[in-house]
Every structure is written in structure tokens, then in C-alpha cells.
Amino acid sequence: MIGRGTAGPVSSERHGITQVSWFCRSTVTGCVKCRSYSPVVQLRLALNCGFKRSQNEGLGATARADSGARGRIDVRKPLYAVLTLLGALLLAFKAHAAQPVDWQINFQPAATEIMREIAWFNDYTLWFIVPISILVLLLLIIVILRFRAGANPTPSKTSHNTTIEVVWTLGPVIILLFLAIPSFQLLTAQYTPPSEPQLTVKAVGYQWYWGYEYQVEEEVSFDSIMLSDDDRASYGKEDRSEYPRLLAVDNELVVPVDTTVRLLVTAADVIHAFAMPAFGVKMDAVPGRLNETWFHAEREGLYYGQCSELCGKDHAYMPIAIRVVSPENYGTWLAAAADDVEAANAQLMASISDAKSSIEVAATDAQKIKE
Ligand SMILES: [Cu+2]
């Protein structure tokens with residue numbers, strides 16, 4: 001069984017196996033026996049995540065899949081305890097929005113599997129970088145103090161040490177292998193859509209805005225220009241938390257949720273780059289060349305990115321906004337957008353805010369009943 005984005009233990013009905021981890025609670029899916037998850041995830045499980053098999057298999061701390069029993073990390077194991085603590089610290093710094101936030105020092109929350117893998121690879125790489133930096137710093141301090149001229153009036157003439165030379169040659173080679181293998185796997189995954197794309201959109205970079213063309217039966221194409229403060233009222237985008245300055249646009253790229261979207265990227269004048277951090281997408285837009293990438297957004301919402309290639313004086317003013325909506329809303333929007341994109345957007349925003357307010361009303365009613 002494959003579960004997606006589960007907020008708790010995920011169990012395999014087929015083999016009765018549960019995995020529980022603070023690191024991968026919301027990300028890792030699949031069954032250890034079926035090997036139904038990607039190699040990158042497997043490595044993450046092995047190295048970071050305190051992956052638990054059922055007790056019958058007797059491997060490490062366990063979290064049983066029996067009758068909905070809630071698994072837990074066995075913190076008796078010091079390694080897991082340290083990993084858990086550091087993981088919690090890392091998560092504490094993560095922003096909770098589909099846009100940058102003040103004092104953010106980490107990635108935006110992932111909205112695609114690829115972005116989760118990228119975030120994992122970033123954390124994984126830190127496990128090498130930090131110890132190596134500390135080791136080098138310690139060695140420098142030792143050398144500076146112990147081998148300073150004052151303490152060594154007669155310098156040593158040692159010039160070779162075979163053991164050290166073997167260690168400092170093989171050590172980096174092994175470390176690089178540990179980095180290269182998951183890195184290549186991630187790179188391959190980034191260029192391999194999980195399924196045949198159900199929608200193709202062409203994004204064209206212009207100085208200085210984006211244009212989108214949907215490859216559908218009835219032509220839908222429009223320009224997406226940064227929203228100016230003067231236009232906020234006419235587009236109904238006065239809420240600056242949802243439509244931030246320098247990121248909000250007049251017409252967003254609208255795509256359905258849980259759909260593999262093929263993105264063709266090109267430019268009409270100079271080189272731009274289409275970047276959407278929450279999706280793990282970054283692709284150069286080169287005039288005369290059609291680059292291809294893809295994404296599979298898992299959550300509805302409004303996501304912001306920017307042009308990521310210095311492209312001229314207004315490079316900072318050509319944001320990218322993608323609105324991920326339900327397939328029904330997307331269908332309605334697409335039909336309306338063939339005639340009038342701005343009217344279709346207004347209609348879409350109205351139906352989304354209706355749905356939001358009805359959820360809020362339901363929540364308030366439930367609260368009242370409780371009281
Ligand atoms: Cu640009």
C-alpha cells in the first residue's frame with residue numbers, strides 16, 4: 001500500500017509493516033518489503049529516519065502495525081534521540097507558507113514529492129558538511145597552537161606519512177560517493193515524471209513578465225504581470241498576506257491538484273528562469289530553445305516564485321504565481337478562460353473564497369455545539 005502525505009504512522013496492509021518517524025511522517029510512503037518507494041527515500045530511511053519494521057522481523061526499535069497501535073520512536077537509542085532532536089530543531093525553523101517569510105532560513109514547505117527529496121538531500125548533505133567543517137577548524141586550532149614557531153624553535157622535517165596520505169585520499173572519495181549516489185538519483189527523478197503528463201503548459205519569459213499558453217483544445221493563453229498597488233482593488237487582491245507585494249500577479253497560472261503538469265519553458269528576448277521553490281522547479285528560459293520540466297502539486301493553494309536569471313532592469317519584478325485548485329474548479333476555470341481570462345479568474349476566486357468561508361462557518365458551528 002502506498003500512502004501519501006499521511007500525518008501519522010503509515011502501515012502496509014500487505015505486509016503488516018508500519019513506519020514511524022518524525023523526519024518522514026509526512027513524506028515517506030511505501031512498504032519495506034515491496035520496496036515501493038524511491039531509492040532516495042530508502043536511503044533516507046536507512047540513515048535518518050528510525051524506520052521500524054514489525055517486531056516479528058526483530059530489526060531495531062519497532063512500531064507495530066497491529067490494530068491501529070500508535071508507533072513511536074525508541075528514544076532509548078541515543079542515535080535516534082540525537083537525530084530526532086536535530087530534526088525537530090530543523091523543522092522549527094521551517095516556514096509555514098507558500099511564499100517567503102521574514103527571517104526565513106530554510107526552504108518553503110514542499111508542495112511536491114521532488115521538493116521533499118530536495119529538502120531531504122539538503123539536510124543529508126549537512127550531516128557531512130558540519131562535521132567536516134568542525135574537524136578542519138579543530139585541526140587548524142591544533143596546528144596554530146601546537147606547531148607555532150614559539151613552541152618549535154627547531155622545526156620538524158617530516159615530509160611523508162603513508163597512512164595519513166591513504167586516509168586523506170580515500171576519505172574524500174568515500175564521502176563523495178555518499179553524496180554523489182543520492183544526488184544522481186534525485187537528478188534523475190527530477191527529469192522523470194511519475195506518469196504521462198495530463199496537462200502541458202508553455203511558460204514564456206518576456207522582459208519583464210511571464211506569458212502562459214495552455215496546450216489544450218481551445219486556445220487559452222495570457223500574460224501574467226506583477227500586480228501594482230493601484231490594481232489591487234480591481235482584481236480583488238487587497239489582502240497582502242495572500243497577495244504579497246512584488247509576488248502577486250494579475251493572472252495566475254491555474255493548474256489542477258494531484259496532476260502531473262508538463263511545463264515547457266522558453267523566452268522571447270533574453271534568458272530568464274522559471275523558479276517555483278515549493279515545487280522544486282527551476283528551469284532556464286532560453287530564447288530559441290524549448291526546455292521541459294514537470295511538477296505534481298499535492299496541495300491546493302497559491303504558490304509564489306520568481307524569475308531566477310538576471311535578465312535586465314526589471315528582473316526583480318517578474319514574479320511567478322501558480323494557483324493549484326481542485327480538478328472541478330480547474331475544469332470550470334478552463335472553460336471560462338477560453339473566452340475571458342480575467343472573468344474566469346474572478347469566478348475562480350469567488351468559488352474558492354465561498355468554499356473557505358463555508359469551512360469556517362462549519363468549524364464555528366462545530367465549536368458552538370461543543371460548548
Ligand atoms: Cu527574467
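Relevant structure appears above.
Residues numbered from 1 in each chain as written. Predicted model: local features only at pLDDT ≥ 70, side-chain atom pairs only at ≥ 80, totals over all residues.

Once that is clear, we can look at the sheet that holds strand β9 (residues 281-285). The strand order across the open sheet formed by 5 strands is β6-β12-β11-β8-β9, and the pairing between neighbours is mixed. With partners counted over all chains shown, the strands left at the sheet margins are β6 (253-256) and β9, one partner each. Taking the axes of each pair of neighbouring strands and ignoring which way they run, one obtains an average angle of 25 degrees across the sheet. When strand β8 (residues 272-276) meets strand β11 (residues 301-307), the two strands line up antiparallel, connected through 2 bridges. Opposite alanine 275, over in β11, you have glutamine 306 as the bridge partner. Together, β6 and β12 (319-325) form the strand contacts of helix α6 (residues 327-337), whose direction differs from that of β6 by roughly 135 degrees. (Pairing = 2+ DSSP bridges. Helix = DSSP H or I, 4+ residues; strand = E, 2+ residues; numbered from the N terminus. Axes fitted to C-alpha atoms, helices over the stretch in contact; angles between N-to-C directions. Contact = placed C-beta atoms within 7 Å.)

Next up on the list: unusual backbone geometry. Residues apart from glycine generally show negative phi values, whereas peptide bonds are mostly found in trans. Residues glutamine 207 and tryptophan 208 are joined by a peptide bond in cis, for which omega reads 0 degrees. The phi angle at tryptophan 103 is positive, at roughly 65 degrees, despite the residue not being glycine. For tryptophan 103, the location among the structural elements is in the loop between α2 (78-92) and α3 (113-146). On the neighbour-count criterion, tryptophan 103 (6 C-beta atoms within 10 Å) is exposed. The phi angle at aspartate 258 is positive, at roughly 55 degrees, despite the residue not being glycine. Structurally, the position occupied by aspartate 258 is in the loop between β6 and β7 (260-267). The class of aspartate 258 is partly exposed, set by 14 C-beta atoms lying within 10 Å. (Buried ≥ 20, exposed ≤ 12 C-beta atoms within 10 Å, placed from the backbone.)

Take the environment of asparagine 106 next. The residue asparagine 106 is located in the loop between α2 and α3 in this model. Through-space distance from the C-alpha of asparagine 106 to that of asparagine 122 is 9.9 Å; in sequence the pair is 16 residues apart.

Taken in spatial order, the 5 strands of this open sheet run β5-β4-β3-β7-β10, and their pairing is mixed. Of all the strands in the sheet, the pair left with one neighbour each is β5 (220-224) and β10 (291-296). Shown here is a sheet whose adjacent strand axes are inclined to one another by a mean of 25 degrees, direction ignored. The pairing of strand β3 (residues 199-206) with strand β4 (residues 209-214) spans 6 bridges and is antiparallel. The residue of β4 that forms the bridge with glycine 205 is tryptophan 210.

What follows deals with the pairing of β6. The alternating pattern of β6 places Leu253 and Val255 on one face and Val254 and Pro256 on the opposite face, and all of these are buried. Both β6 and β12 contribute to a ladder of 4 bridges, which runs parallel. Across the sheet, the residue bridging to proline 256 is valine 325, located in β12.

Glancing now at helix α4 (residues 162-190). A rise of 1.5 Å per residue sets the reference length of α4, with its 29 residues, at 42 Å; its end C-alpha atoms lie 42 Å apart and thus fit the reference within 8%. α4 sits mainly on the outside: 1 of its 29 residues count as buried. (Expected span 1.5 Å × (residues − 1).)

Before going further, it helps to spend a moment on the nonpolar core. By size, the foremost hydrophobic cluster in this structure holds 54 residues, and its most contacted members are Ala203, Phe279 and Tyr303. Top element by residues in this core is β12. It accounts for 5 residues. Contact partners of alanine 203, with chain neighbours within four places excluded, come to Trp210, Tyr212, Leu263, Val265, Phe274 and Ala285. (Core = buried A, V, L, I, M, F, W, Y, C linked by C-beta atoms within 7 Å.)

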